[in-house]
Amino acid sequence: YAGTPPAAAQAPDDKSAAYQDVGGKDCWSTGPDFELVTCTFGRTQGAKRVALVGNSHAGQWLPTLEALAGANDLQITTFLASRCALADIDQNLPTSAQTAACRSWVNRVATALVDGDYDAVVLTNRMSVTAKGSPDAAASQRAYERGYVSVLKRLAGRVPVLGLRDTPAPGDAGIPSAPDCVAEHPDDADACSGARSAWVPAEPLKAAFAAVQPADSAFVDLNDYICGDQTCRSVVGGAIVYSDGSHLTATYARTLAPMLGRELSRVLAR
């Protein structure tokens, strides 16, 4: 990493610009209503129009896309929701009204992507809650896969989709805040590391891509640039990787721009 990364105390605030006030509005769709909200970043009149879609684990990639926007003449439109994944299923949000509103948001976003004349969609999510009718996260995998298949079938042949595998989460393996861990162990970064097998979540979106095989689209896994073969770390190259227990810092997300840029260029070229 080249540059001055944020200190551990600053890392929790080192987030995507989607969390800031953008033109007087919040860029997130939230419960109870999950209104359709969009924000625009990058080049205002960019030659290529890219939609960034999903829940907060999509939002963490905005700094990466912004780093690519100038050289690639990208206009970036966000369709982001808090906790609600872009899967056409009932997700176990706190109330049945929120569950219904989340599913309505998914369908409205899918329609907007089909009608929006985008050159590409970047899609990724964290499975934040279980699926309705599934007793646990493991049982929810098939339900989320079906929900992603439904969305991908609507987009297939209409807009190219770059699907990203969900990123590792230290919070899933007993480190609820990576910055706090780093602050507590300033001389022992390994104390804030863990097995890749424990940090990397299962990914139903990958199976959905394999089932649908949407035209001119691709599913990619960039986690090799976040973790080693066996170990994931909270500090890489002097940069703190996470702002909490699962979200990439904006600083680390920007270091992934060359890798995401290669994959996005391939999809745009199709």
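Residues numbered from 1 in each chain as written. Predicted model: local features only at pLDDT ≥ 70, side-chain atom pairs only at ≥ 80, totals over all residues. Heavy atoms only, no water.

Caption draft 1: View of the overall build of the chain. Looking only at helices and strands, the chain has nine helices and eleven strands in total. By principal-axis analysis of the C-alpha atoms, the chain measures approximately 50 × 45 × 35 Å. Of the contacts made within the chain by residues no fewer than 6 positions apart, 78% connect residues no fewer than 24 positions apart. A distance of 8 Å separates the average location of the 23 positive side-chain charges in the chain from that of its 29 negative side-chain charges. (Helix = DSSP H or I, 4+ residues; strand = E, 2+ residues; numbered from the N terminus. Contact = heavy atoms within 4.5 Å. Lys, Arg positive; Asp, Glu negative; His and termini not counted. Charge placed at Lys NZ, Arg CZ, Asp CG, Glu CD.)

Caption draft 2: Layout of the nonpolar core. Grouped together as the largest cluster of nonpolar side chains are 49 residues, with contacts concentrated most on Leu52, Leu162 and Leu264. Residues within four places of Leu52 in sequence aside, it is in contact with Ala58, Gly59, Trp61, Leu62, Leu65, Ile76, Thr77, Thr78, Phe79, Leu80 and Val122. Judged by nonpolar contacts, the second largest core, of 35 residues, contains Cys84, Trp105, Tyr118 and Ala143. (Core = buried A, V, L, I, M, F, W, Y, C linked by side-chain atoms within 4.5 Å. Buried < 20%, exposed > 50% of the residue type's maximum accessible area, 1.4 Å probe, protein only.)

Caption draft 3: How the structure looks around the state of the cysteines. For the coordinates displayed, the defined rule picks out four disulfides. Disulfide pairing is shown between Cys27 and Cys39; the S-S distance is 2.0 Å. Judged by the sign of its S-S torsion, about -100°, the bond between Cys27 and Cys39 is left-handed. Of the two residues, Cys27 sits in the segment before strand E1 (28-29) while Cys39 sits in strand E2 (residues 39-42), which places them twelve residues apart along the sequence. For Cys27, a relative accessible area of 0% translates into the label buried. (Disulfide = S-S within 2.5 Å.)

Caption draft 4: Structural detail: the packing of aromatic side chains. Summed over the entire model, instances satisfying the criterion amount to five aromatic pairs. Taking the centre distance of 6.3 Å and the plane angle of 50° together, the rings of Tyr144 and Tyr148 count as tilted. With a gap of four residues between them, Tyr144 and Tyr148 both fall in helix H4 (residues 137-155), about one helical turn apart. An identical accessibility class is assigned to Tyr144 and Tyr148; each is buried. With centroids separated by 5.6 Å and ring planes inclined at 50°, the aromatic side chains of Phe209 and Phe219 adopt a geometry described as tilted. Of the two residues, Phe209 sits in helix H7 (residues 204-212) while Phe219 sits in strand E8 (residues 218-220), which places them ten residues apart along the sequence. Residue Phe209 is classed as buried on the basis of its relative accessible area of 7%. The positively charged end of Lys15 is found above the aromatic ring belonging to Tyr19, 5.1 Å away from the centroid. The ring centre of Tyr118 lies 4.4 Å from the NZ or CZ of Arg49, which sits over that ring. (Phe/Tyr/Trp six-rings, centres within 6.5 Å; stacked < 30°, edge-to-face > 60°. Lys NZ or Arg CZ within 6 Å of the ring centre and 35° of its normal.)

Caption draft 5: Representation of the environment of Ala100. Inspection of the secondary structure puts Ala100 in helix H3 (residues 96-115). Each C-alpha atom of the pair Ala100 and Arg158 lies 26 Å from the other, and the pair is 58 residues apart in sequence.

Caption draft 6: Layout of the pattern of salt bridges. In the structure shown here, the tally under the stated rule is nine salt bridges. Among the ionic pairs, Arg142 bridges to Glu145, the shortest N-O distance being 3.0 Å. Of this pair, Arg142 and Glu145 are both found in helix H4, three residues apart, which corresponds to roughly one turn of the helix. Owing to a relative accessible area of 52%, Arg142 belongs among the exposed residues under this scheme. Since its relative accessible area comes to 15%, Glu145 is described here as buried. (Salt bridge = Lys/Arg side-chain N within 4 Å of Asp/Glu carboxyl O.)

Caption draft 7: Quick peek at the pairing of strand E3 (residues 48-54). Most of E3 sits inside the fold, with five of its seven residues counted as buried. Across seven bridges, the pairing between E3 and strand E4 (residues 74-81) is parallel. Within E4, the position partnered with Leu52 by the bridge is Thr78. When E3 meets strand E5 (residues 120-123), the two strands line up parallel, connected through four bridges. (Pairing = 2+ DSSP bridges.)

Caption draft 8: Inspection of the environment of Pro179 at higher detail. Within the element layout of this structure, Pro179 appears in helix H5 (residues 178-184). Overall, the relative accessible area of 1% leaves Pro179 in the buried class. Once the C-alpha coordinates of Pro179 and Trp28 are considered, the two residues, 151 residues apart in sequence, prove to be 24 Å apart.

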